[in-house]
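Observations on chain architecture
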Amino acid sequence: MFTLPIGDDVVLAPLEPWRAAEFAAHLDRARPHITPWVGAGFRAEGEDAARAVLQRYADGQARDDARIYGIWWDGTLVGGAMFVSLDAGRGVCEVGCWLEPAAEGRGLVTRTVARLIDWAVDVRGIDRVEWVTLARNVRSVNVARRLGMSRDGVLRAAAPGPDGRQDSEIWSVLATEWRQHREHLRR
């Protein structure tokens, strides 16, 4: 099975439907923390709903337009990253991530998403990698900055929220920029 080390005792691997029980348990731990930041389709409760999320990404991978990966720290699923969309023909993809609180502050998201960007740019020939986040999600904005992304703009009142509509920000890095920036990340 494919796994990619991203740190001491931390690996990145495909998050497939057969891992639904593990994913559901992880979401139970992460849900209070990630709910303000993720869409309704990703707040799955229970094993069947978790399997449906993973199957949606498996179907996307089969169509070559989405993928999802888990981050395992010392054998426990603690988060993940995904290609929310992938369009190799247009040369554009969107990446996203999530992490449960116990794994925060270790640089796991930045290293994980950097690996996804490497693959998108070097293997799939993607020219533009996008990152969409709620404007008030400071941690997500900081990841975009660490990845060398530029803020392209704000979509005002683009996302529903518990207290009304919220602004979203679109960040991106171009392949030429990424090739220069990733050397800075590895120092």
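Placed above this text is the structure.
Quick caveat, the model's predicted, so the values are computed rather than measured.

The next point concerns the packing of aromatic side chains. This model, assessed by the stated rule, comprises two aromatic pairs. Taking the centre distance of 6.2 Å and the plane angle of 70° together, the rings of Phe23 and Trp98 count as edge-to-face. Linking Phe23 in helix H1 (residues 20-34) with Trp98 in strand E5 (residues 92-99), this pair joins segments that are 75 residues apart in sequence. You can call Phe23 buried: its relative accessible area is 0%. For Trp98, a relative accessible area of 3% translates into the label buried. When the centroid spacing of 5.5 Å and the interplanar angle of 55° are considered together, the rings of Phe83 and Trp119 count as tilted.

We now examine the pattern of salt bridges. Under the definition given, this model contains 14 salt bridges. We note a salt bridge from Asp64 to Arg67, for which the minimum N-O separation is 4.0 Å. A relative accessible area of 28% means that Asp64 is categorised as partly exposed. Salt-bridge contacts for Glu130 lead to Arg128; the nearest nitrogen and oxygen are separated by 2.7 Å.

Counting buried residues along strand E3 (residues 67-73), six of its seven residues qualify, which places the element largely inside the surrounding structure. Relative to E3, strand E2 (residues 10-14) runs antiparallel, the two sharing five bridges. The residue bridging Leu12 from the neighbouring strand is Ile71, located in E3. The sheet contact formed by E3 and strand E4 (residues 76-87) spans seven bridges and is antiparallel. Looking across to E4, one finds that Ile68 is bridged to Met82. The turn joining E3 and E4, which pair antiparallel and follow one another in sequence, is formed by two residues; a positive phi near 55° is taken by Asp74.

This next bit is on the nonpolar core. Within soluble globular proteins, side chains that are nonpolar tend to cluster in buried spots. Counting residues in each nonpolar core, the largest one holds 33 residues, and the members touching the most others are Ile117, Val129 and Met149. The biggest single contributor to this core is helix H3 (residues 108-122), with eight residues. Other than its neighbours up to four places away in sequence, Val129 contacts Cys93, Val95, Ile117, Val121, Met149, Trp171, Ser172 and Val173. One finds Ala24, Ala50, Leu77 and Trp98 within the second-largest nonpolar core, a separate group that totals 20 residues.

Moving on, we come to unusual backbone geometry. The residue Asp9 is not glycine, and still its phi comes out positive at about 60°. Relative to the helices and strands, Asp9 is located in the loop between strand E1 (4-7) and E2.

Ordered by their spatial adjacency, eight strands build an open sheet running E1-E2-E3-E4-E5-E6-E8-E7, and the pairing between neighbours is mixed. The open sheet terminates on both sides in strands that have one partner only, identified here as E1 and strand E7 (150-159). Across the sheet, the mean angle from the axis of one strand to that of its neighbour is 25°, orientation sign disregarded. Two strands pair when backbone bridges link them, and E1 and E2 are joined in this way by three bridges, in the antiparallel orientation. If you follow Gly7 over to E2, its bridge partner there is Val10. Strand contacts of helix H2 (residues 47-63): E3 and E4, with the helix running at about 125° to E3, the strand carrying the most contacts. Strand contacts of H3: E1, E2, E3, E4, E5, strand E6 (128-134) and strand E8 (166-174), with the helix running at about 35° to E4, the strand carrying the most contacts.

What follows is about the pairing of E5. Counted residue by residue, E5 has seven buried out of eight residues, so it is predominantly covered. Where E4 folds back on E5, the antiparallel hairpin that results is connected by four residues, among which Gly91 adopts a positive phi of roughly 75°. Pairing of E5 with E6, which is carried by four bridges, proceeds in the parallel orientation. Considered in E6, the bridge of Cys93 is made with Val129.

The rules behind these values
Residues numbered from 1 in each chain as written. Predicted model: local features only at pLDDT ≥ 70, side-chain atom pairs only at ≥ 80, totals over all residues. Heavy atoms only, no water. Phe/Tyr/Trp six-rings, centres within 6.5 Å; stacked < 30°, edge-to-face > 60°. Helix = DSSP H or I, 4+ residues; strand = E, 2+ residues; numbered from the N terminus. Buried < 20%, exposed > 50% of the residue type's maximum accessible area, 1.4 Å probe, protein only. Salt bridge = Lys/Arg side-chain N within 4 Å of Asp/Glu carboxyl O. Pairing = 2+ DSSP bridges. Core = buried A, V, L, I, M, F, W, Y, C linked by side-chain atoms within 4.5 Å. Contact = heavy atoms within 4.5 Å. Axes fitted to C-alpha atoms, helices over the stretch in contact; angles between N-to-C directions.

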